[in-house]
Amino acid sequence: METRCLLCTCLPGLCIFGELLGEAFKFQCLLAALFVLLPKNIFLIQEWVRNLPFPAPEATPLEADLENNQLLSTFSDRIPHCQSEHFVLPPAPLSALEKMAGFPSFPPAGFLPILLLLQVSTWCSPVSGFSVKGPAQPIMVLLGADASLPCQLSPEQSAAHMQIRWYRAQLSSTVLVYQNGQEQGGEQMLEYRGRTQLVGDSIGKGAVALLIQHIRASDDGQYRCHFKDGHISQEAIVELRVIGLGSAPHVYMMGPEDRGIRVLCSSGGWFPKPRVQWSDMLGVKLPSLSESQTQDGDGLFHVEASLVVTDSSLDNVTCSIQNPFSGQEKVSAIFLPEPFFPRTSQWKTALAGTLPLLVLLLIGISYTGWREHKAKEREVKKKQEESHETEKMKREKEAALRVKMNLKAELERRKALYNKDWKKALLYPDWRKEQFQPALVTLNHENFHQNNSDPEREENVREETRVLLCNKQGDCNLIKLGQKEFTSGRHYWEVDIEDTDEWTLGIYEKPTERSELLNHLQNRKFSVLEKKGHEYRALTCSSQKIFLEEPLLIENCPRKIVIFLDYEDQDISFYNMTDRTHIFSFTQAKFSGSLYPYFKLKSMELSPCTILSDLEE
C-alpha cells in the first residue's frame, strides 16, 4: 500500500493503470515509475526491461490491438486533468503501438502499459524552460545621452527571483548584476559604476532594461542579457551603437599644388569612424588625395582629408562627413577664386610677391592685436590686484575693529565685576584708584637737600600724588603731606623708589600736640613696608615694640609703589606698579589719630632717638 500511495502521489497515471490491470501488474508499473523519475538512467532501465521475463500474451495480435485501443481510450477518459495550460496530451500514436505490439523482443500485451505510462508521464510533465528575447535591430544612441537596452523572457513570467546579469564579451566583464531583489555592485566594472541602473517596472512580466547614462564611445558594442533560475540559464544579445556627431568640417586652402589648389577638410568628435566625401557644386563626387583618421583618449575620431582641385571652372567644393550608423552628416563648402589657380608664370610671380606682403600684414596685425590684448590683460590684472588689496585691507580693518570692540566689551565686563566687589579683589590697582582720592604729597625739601645736593634732582620733583627720590640714602622722612592729616576717607599716593637697595615706606600716627610727643611716643605706630638688600618685610611697630612682622616674597623688584589708605575700613594696601601686582595689606590696623605718609631711604631702627629725630624733621 505504501508503494502504491507513493506512486499515486508522484504519478497519478500509475494509479489508474493499477486499477485497470490489477495487482499482477504492480512490478511493471514500478519499473515504469523509475523510468519516468530517473531520466538520466533511461537507457540503463530500458536495457533492464528488455531482459525481464514478461508473461506470454494470451491474445492474438489482432485481439491485442483491439485491447490496446480500448485501454488507450479508457485511459484518456480517466485523466482529463492532464489537459491544461501546463500539460499537453497529444493524440495516441496507434500506428507506433501497432508496430511495437508486433516487435519480437517485447511482449505486446505485457509491455504496452509500460509504454503508455512513459508516454503519459511525458504528456503530463510541465514546461519548465524559458528563453530570452532582445531587440532585433541595434539600438542607436547619441554620444552623451542615456541608452536603454531591453530584454524579455518568453514565455512571459516573473523574473524577480532570478539572477539577471548584463555583461560584455565575457561573464567577468560585468556591467550590472541583479540578484535577491537588488543590484549587486561587487563585480561591476569601474567604467560603469554610477552610470547603470536596472529598469524593472515590468519585472513581474519578465521585462527588464539596462539603463546606461552618459553614453561614451567605449560603450559601443554587444551586451548580453543573462537570466539564471536555479540551474537553468538563458541569454540574449543586444547591440548598442553609439553615434557621435562631430564638429562642422573646417575647409581651407593650403596653397597651389600640382597645377591646382590643395584644399584641406578637418573635423573632430566623431564616432564611429566617419566617411569623408568631396563633391562639386553639381554633386559630382571627387576622390580624396589623402585621408587620415586619429582617435583621441575618449575614443572619438578626428579626420583630415585633402583634395587637389585642378579645374578652375569649379566655383566651390564641398566636404561632407557622414556617420556610418545614422547616416547623419555635416557639410561645409569653400569658394575657390579663379585667380588662385596657377596659370602662367606672371601669376606665380604676382602671387609670390603678394603672399609675403599678406603674411607681413597679417603678422603686423596679429602683433598689434597681441600687444593690445596683453596691455588689457595687465590693466585688468592690476585692477584686480588693487581691488583684492583694498578688500583685504577692509577685511583686516573690520577684523581689528571687531577685536577691539570685543576687548573693550570684555574690559567693561571685567571692570563691572571688579566694581561690585573691589574691596576683596586684590587686582587692577589702576581701577582701584577710581575708588580713592589722590593725596597731595610733596618732597620734604629740607631733608632732601641734606642728603642730595644735586641741583638737577630738584627739577625732577613732581607734586600732587607722585614723589621722585634720589638713590642716596638719608635718615629722615623724605615726603610730607601738602594737606591736612588723614583722619577719614580713602586716599592714595605713589612713590618712585627706582632701584634703591634700602627703604621704608608706609604711614605713621602723629599726636595732635607736639609737646606731647615724648610722652606719647610709645603709643605711636608705624605700618610700613621695608626693603633691606634683597629682603622685604611688612612691619607694624612702635618705638620699642613690634606688633606685626611678616617676611615677604617679591619676585619682581618694584620700582614704583602705590599706597591705598582706607581710613574707615582701617586698611592699608601696597601695590607694585611695575607689574600691577598686590604686595601686602594691613587689614588689622586700628586708627585712632591722625595719619601721615612716611618714607625714608633706610630700614627701620627701633630706638626712640631715631624715631624722634625722624618725626621732628
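As the structure is a computational prediction, the values presented were derived from the model and not from experiment. (Residues numbered from 1 in each chain as written. Predicted model: local features only at pLDDT ≥ 70, side-chain atom pairs only at ≥ 80, totals over all residues. Heavy atoms only, no water.)

**Student:** Quick rundown of the overall build of the protein? Include the residues and the values.
**Tutor:** Summing up its helical and strand segments, the protein has 12 helices and 31 strands in all. Each of the 617 residues in the protein was classed as buried or not, and the buried ones make up 38%. Look at the contacts in the protein between residues 6 or more apart in sequence, and 62% of them connect residues 24 or more apart. Accessible area of the protein: about 36400 Å², with a carbon and sulfur share of 53%. (Helix = DSSP H or I, 4+ residues; strand = E, 2+ residues; numbered from the N terminus. Buried < 20%, exposed > 50% of the residue type's maximum accessible area, 1.4 Å probe, protein only. Contact = heavy atoms within 4.5 Å. Areas by Shrake-Rupley, 256 points an atom, 1.4 Å probe, with all protein chains shown as cover.)

**Student:** Tell me about the state of the cysteines, and please be specific about residues and values.
**Tutor:** Enumeration over the complete set of coordinates arrives at two disulfides. Bridging cysteine 151 to cysteine 225, the disulfide has an S-S length of 2.2 Å. With cysteine 151 in strand S3 (residues 147-154) and cysteine 225 in strand S9 (residues 221-229), the pair connects residues that are 74 residues apart, well separated along the chain. Each sulfur of the disulfide joining cysteine 265 and cysteine 319 lies 2.0 Å from the other. Residues cysteine 265 and cysteine 319 are joined by a disulfide whose S-S torsion is about -75°; by sign, that bridge is left-handed. Of this pair, cysteine 265 sits in strand S12 (residues 260-270) while cysteine 319 sits in strand S17 (residues 316-322); the two residues are 54 residues apart in sequence, bridging distant segments of the chain. Assigned by exposure class, cysteine 265 and cysteine 319 land together as buried. (Disulfide = S-S within 2.5 Å.)

**Student:** Could you give an account of the sheet that holds strand S27 (residues 546-552), with specific residues and numbers?
**Tutor:** Within the open sheet, the five strands sit side by side as S27-S26-S25-S24-S31. Their pairing is antiparallel. Edge strands, defined here as strands with exactly one partner in the open sheet, are S27 and strand S31 (594-600). On average, each strand axis in the sheet is tilted by 15° relative to the strand beside it, whichever way the strands run. Of the pairings in the sheet, the one linking strand S25 (residues 526-532) to strand S26 (residues 535-541) comprises seven bridges and is antiparallel in character. Of the residues in S26, the one forming a bridge with phenylalanine 526 is cysteine 541. (Pairing = 2+ DSSP bridges. Axes fitted to C-alpha atoms, helices over the stretch in contact; angles between N-to-C directions.)

**Student:** Go over the environment of aspartate 501, please, and point to the residues and values.
**Tutor:** With respect to the helices and strands, the residue aspartate 501 is situated in the loop between strand S23 (490-496) and strand S24 (502-510). Exposure remark for aspartate 501: the relative accessible area of 51% places this residue in the exposed category. The spacing of aspartate 501 and glycine 533 is 32 residues in sequence and 5.2 Å in space, taken between C-alpha atoms. If we skip the residues at most four places from it in the chain, aspartate 501 touches Lys531, Lys532 and Gly533.

**Student:** Explain a nonpolar patch on the surface to me, using residue names and the numbers behind them.
**Tutor:** Side chains of Leu357, Val359, Leu360 and Ile363 sit close together on the surface and give an oily, nonpolar patch of about 400 Å² of accessible area. Residue placement: leucine 360 occurs in helix H8 (residues 345-420). Note on leucine 360: relative accessible area 57%, which makes it exposed. (Patch = residues over 30% accessible without salt bridge, like charges linked within 9 Å, V, L, I, M, F, W, Y side chains within 5 Å. Salt bridge = Lys/Arg side-chain N within 4 Å of Asp/Glu carboxyl O.)

**Student:** Break down unusual backbone geometry for me, with residues and values.
**Tutor:** For the bond from serine 154 to proline 155, the omega torsion is 0°, close enough to zero to count as cis. Looking at the element boundaries, proline 155 is found in the loop between S3 and strand S4 (163-167). Proline 272 follows phenylalanine 271 through a cis peptide bond whose omega is -5°. One non-glycine residue, tyrosine 428, lies in the positive phi region at around 50°.

**Student:** For the side chain of lysine 433, give the residues involved together with the corresponding values.
**Tutor:** Mapped onto the elements, lysine 433 comes out in the loop between helix H9 (429-432) and strand S19 (437-438). Residue lysine 433 is classed as buried on the basis of its relative accessible area, which comes to 16%. There is a polar contact of 2.3 Å between the side chain of lysine 433 and the side chain of glutamate 494. (Polar contact = N/O pair within 3.5 Å; in protein donor to acceptor, adjacent residues only side chain to side chain.)

**Student:** Give me the sheet that holds strand S16 (residues 301-309): which residues, what numbers.
**Tutor:** Ordered by their spatial adjacency, four strands build an open sheet running S11-S12-S16-S15, and the pairing between neighbours is antiparallel. Taken across any chain shown, the strands that pair with only one partner, and hence form the sheet edges, are strand S11 (250-257) and strand S15 (290-295). The average angle at which neighbouring strand axes cross in this sheet is 20°, direction not considered. Across six bridges, the pairing between S15 and S16 is antiparallel. Bridge pairing in S16 places serine 292 opposite glutamate 304.

**Student:** I'd like a rundown of the pairing of S4, residues and numbers included.
**Tutor:** The buried fraction of S4 amounts to five of the five residues, a majority that puts the element mostly inside the structure. Across five bridges, the pairing between S4 and S9 is antiparallel. Bridge assignment links tryptophan 166 to a residue of S9, and that residue is cysteine 225. Pairing analysis gives four bridges linking S4 to strand S5 (residues 174-179), with the strands arranged antiparallel. Within S5, the position partnered with tryptophan 166 by the bridge is leucine 176. Where S4 hands over to S5, the hairpin turn is made up of six residues, counted between the paired strands.

Everything listed here is a matter of coordinates, which is why it stays silent on function.
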